[in-house]
Each structure stands twice: as structure tokens, then as C-alpha cells.
Amino acid sequence: MTTAPATTAVSTGSLAGQIVVVIGGSSGIGLETARQARSAGAELILTGRNRARLDRARDEIKALSSATLDLGDAAAIEFFFSGLPADIDHVFVTGGGPPYAGILDLDFDEALRALDEHLLGSLRIARACAPRLQTGGSLTFVTGTHARRPGIGLSIAAIAAVGVPAIVANAAVELAPMRVNAIAAGFVDTPLSARILGDALEGRRAELRATLPIRRVVGPADVAAVAIHLMTNTAVTGATFDVDGGQQLIP
Ligand SMILES: NC(=O)c1ccc[n+]([C@@H]2O[C@H](COP(=O)([O-])OP(=O)(O)OC[C@H]3O[C@@H](n4cnc5c(N)ncnc54)[C@H](OP(=O)(O)O)[C@@H]3O)[C@@H](O)[C@H]2O)c1
């Protein structure tokens, strides 16, 4: 006798009326994710360090609220999450980039700060938001693909790129049913990339257009679209999704 396949609950939901917290929501990937979540009907709570930039983002997307928050400040992370007004549905985390310096030139204080922020900082956020998230809620981090292959100046970025997927897998098991995922991005055309590359930005864009398998440059909207999917697809947890236009596949 054959048995019918088990029916499963619908795995994707809607963001309408849900509360989405975007850490680093005033620029780049975070701001675009906030925009797309808002378009999908979510209420937004945004954070960043620079008040003026945060106010502009809050006004643009008509966010519920905004708060200044430095990811390097462990006490502030606890304080921020414990002070949220009601149960929240999703937390999306971006922030500063790691330092890109060769080992001989590495500023170890700066490296330690970046690693603390990206690694222990991710655990701090997971711990602080877990009691605030509704059942079925999600936590999503952003890390990188570009440092998976060794290169000059990539040591600190590589440690973060290896560490964050391990953190999300462990947190997904420990903190279930809260879902925990990450997006690993390659080059994304954001203000951060513009600051790092300066005059070399246009050249880098042209190189990527010519060499990436997708023949175009990845933008924040590409990453945000996956972020929204990870919030709404309740079947996904403990996973790291690459959004790099195939960058890691080319020499
Ligand atoms: N762009 C890329 O190519 C790329 C590739 C792979 C991974 N990523 C990662 O994606 C994340 C976002 O990058 P992005 O390109 O969107 O950068 P972005 O345009 O500079 O935006 C970063 C956001 O995070 C906030 N932020 C920065 N440092 C912070 C800190 N220490 N504490 C709290 N908030 C902070 C910024 O606001 P304030 O400055 O006002 O605080 C801003 O809202 C970064 O972690 C980066 O490493 C980016």
C-alpha cells in the first residue's frame, strides 16, 4: 500500500503588518532591505550610528522608529533589544566592513574590534533578540563570499566569512524555533564599496560587468530580495546563501 505524501504547511508568509528591525538600516544593503520590507507591508525599526543619515532613512521609508546603535557596544545591543516596544518578527543585521590590510600592516586593535563585532557581536544580537522574536521569526546576518579564497589583505574578512555561517548554523539549532540565516555577498555596489574603492570604483564596476557570469554588477536590491525571502520562507534556517553574481567562481 502506498501512502500519500505528507501535506506541509505553506512555507512562505507575508510581511504585511510584521515588525522588521534593520540594524545598519540607514545605507546600502540595510536601507534597501528596509525599503523592500516596507513595500511588502512591514513596519520598520532602523538603527545606525549617524543620526542625520538615520533620520533621512526613517523619513524616506516612514519607519515606525529609529535608534542610534553602535555594534561595537555590547551593552547598547542589550539595551536596544530589551527596549523594543512589542514582539518583533524579523531582525536583519548589517554593519561596518572588516579592515582590508595585509598581515604586515595589520592594526591588531582594529582587527580585534572588527572580529568582536562580526563574531561575538552576532552572538550578542542572537541572544538579545531571541526573547523578543515572535514564533516563526527570523534573524539574518550579512557576511561575504569574496574572502573564501585567500588573498592579500583578506585575513580578517576571511575569518568573519568562515565564522558567521558557523554561528548561524549553531544558533539555528540552539535558538529554534527562531530561524537564523546569513547572506554571503560578493561585491555589492553600495556607499561602503564606493568609500573603499574611491577613484577605482568605475574600473571595478567595468571589470565585474566584463567578468562576472551574470555580466552585471550586483546591487543592494539583489541582496535585499534574498533577505526578504529569508524572512518569509519558514522552511529555511541555519543556511548561508551566496549573492555574488558568480564572483567566487572566476579566477
Ligand atoms: N558592499 C559590499 O560589497 C559587501 C560585500 C560583502 C559583505 N558586505 C557587508 O554588508 C554589510 C553592509 O554593507 P553595505 O555595503 O551596505 O555598507 P553601508 O552602505 O556602509 O551601510 C552600512 C550600514 O551599517 C551601519 N553601520 C556601519 N558600521 C556600524 C557599526 N559599527 N555599528 C552599527 N551600525 C553600523 C551604517 O550606518 P552608520 O555608518 O551611520 O553607523 C549603515 O546603515 C557590512 O557588514 C559589509 O561588510 C558588504
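Residues numbered from 1 in each chain as written. Predicted model: local features only at pLDDT ≥ 70, side-chain atom pairs only at ≥ 80, totals over all residues. Heavy atoms only, no water.

Draft legend 1. Molecular detail of the nonpolar core. Judged by nonpolar contacts, the single largest core of 34 residues is most densely connected at Ile-23, Phe-81, Val-91, Leu-139 and Phe-141. Going through the elements one at a time, strand 1 (19-23), helix 3 (74-82), strand 4 (88-93), helix 4 (108-129), strand 5 (133-144), helix 5 (155-174) and strand 6 (179-185) are the ones with two or more residues in this core. Sort the elements by how many residues they give to this core and helix 4 lands first, with eight residues. With residues up to four places along the chain from it excluded, the contact list for Ile-23 reads Thr-47, Leu-69, Leu-71, Phe-80, Phe-81, Val-91, Phe-92, Val-93 and Thr-94. Core analysis: the next-biggest nonpolar cluster, separate from the first, contains 28 residues, Ile-29, Leu-46, Phe-92 and Leu-230 among them. (Core = buried A, V, L, I, M, F, W, Y, C linked by side-chain atoms within 4.5 Å. Buried < 20%, exposed > 50% of the residue type's maximum accessible area, 1.4 Å probe, protein only. Helix = DSSP H or I, 4+ residues; strand = E, 2+ residues; numbered from the N terminus. Contact = heavy atoms within 4.5 Å.)

Draft legend 2. Broad picture of the confidence of the model for the protein chain. Confidence along the protein chain averages 94 in pLDDT terms, with 94% of residues attaining 70 or more. The model gives residues 6-10 a pLDDT under 50, and that stretch makes one contact with residues more than four places away or in other chains. (pLDDT = per-residue confidence, 0-100.)

Draft legend 3. The arrangement of the site of the ligand in detail. In the vicinity of the ligand, 31 residues are found, and the nearest of them are Ser-26, Ser-27, Arg-49, Val-188 and Thr-190. The contact in question runs from a nitrogen atom of the ligand to an N or O atom on the side chain of Ser-193, over 3.2 Å. Elements supplying a minimum of two residues to the shell around the ligand: helix 1 (28-39), helix 4, strand 5 and helix 6 (191-197). Broken down by element, the residue count for the shell around the ligand peaks at four residues, all from helix 6. Of the residues contributing to the shell around the ligand, the split by class is 10 nonpolar, 16 polar and five charged. (Near = heavy atom within 4 Å. Polar contact = N/O pair within 3.5 Å; in protein donor to acceptor, adjacent residues only side chain to side chain. Nonpolar A, V, L, I, M, F, W, Y, C, P; charged D, E, K, R; others polar.)

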